[in-house]
Amino acid sequence: MSHASESRSEQLVLHVEDNGDHADLVKRCLSRHRPESRIVRVEDGEAALEYLSRSDAATPRPLLILLDLRLPKVDGIDVLRAVKTTPELATIPVVVLTTSDSESDVARAYEHHVNSYLVKPDDFLVLDSMMKDLGDYWLDWNVQPAGGP
């Protein structure tokens, strides 16, 4: 069986995370299981929106956005809202990856059409397993519309 990712030249993941330690752990886990993926990290919501607004060869569209909620400059929910209301970006899957398990945060994220909401586990082995499964699902098994990201 052919996987969707075989036709993709690069599996770009945009990781929007202000905590350097969290970003390093996620990158280490994803890179271990998906060495073909390229992870681009931005540290705040404003930088994420700036990255996504560019449309040149140096800034290709990501296949997946991993988004923290508590971000400086522009909040994660505002980034999510901007992505999902911009026709050129709306088909990019957005996965919230945050420490917040607050019901109000979960509800707000889904109100703004998040594709998935994950709470960062404290245990490294659990995070590693989560990142493997996340990569398998969103970068390999998930089929996106033609002309998508």
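Cut-off values and rules
- Residues numbered from 1 in each chain as written.
- Predicted model: local features only at pLDDT ≥ 70, side-chain atom pairs only at ≥ 80, totals over all residues.
- Heavy atoms only, no water.
- Phe/Tyr/Trp six-rings, centres within 6.5 Å; stacked < 30°, edge-to-face > 60°.
- Buried < 20%, exposed > 50% of the residue type's maximum accessible area, 1.4 Å probe, protein only.
- Helix = DSSP H or I, 4+ residues; strand = E, 2+ residues; numbered from the N terminus.
- Contact = heavy atoms within 4.5 Å.
- Polar contact = N/O pair within 3.5 Å; in protein donor to acceptor, adjacent residues only side chain to side chain.
- Core = buried A, V, L, I, M, F, W, Y, C linked by side-chain atoms within 4.5 Å.

## Some thoughts on the packing of aromatic side chains
- Tallied over the full model, the rule gives one aromatic pair.
- Relative to Trp138, the ring of Tyr137 lies with its centre 4.8 Å away and its plane at 85 degrees, an arrangement referred to as edge-to-face.
- Under the relative-accessibility criterion, Trp138 is labelled buried at 10%.

## Side note on the environment of Asp128
- Looking at where Asp128 falls in the secondary structure, it is placed in helix 5 (residues 124–141).
- Sequence separation between Asp128 and Leu25 is 103 residues; the distance between their C-alpha atoms is 8.5 Å.
- Beyond its immediate stretch of four places on either side in the chain, Asp128 contacts Cys29, Arg32 and His33.
- A polar contact of 2.7 Å, which involves the side chain of Asp128, links it to the side chain of Arg32.

## Observations regarding the nonpolar core
- Leu14, Val16, Leu52, Ile65 and Leu67 are the most contacted members of the largest nonpolar core, which has 25 residues in total.
- Elements that contribute at least two residues to this core include exactly strand 1 (11–16), strand 2 (37–42), helix 2 (45–53), strand 3 (64–67), helix 3 (76–84), strand 4 (94–98) and helix 4 (103–111).
- When neighbours within four sequence positions are excluded, Ile65 is seen to be in contact with Leu14, Val16, Leu52, Val83, Ile92, Pro93, Val94 and Val95.
- In this structure, Cys29, Val95, Trp138 and Leu139 belong to the second largest nonpolar core, which totals 16 residues.

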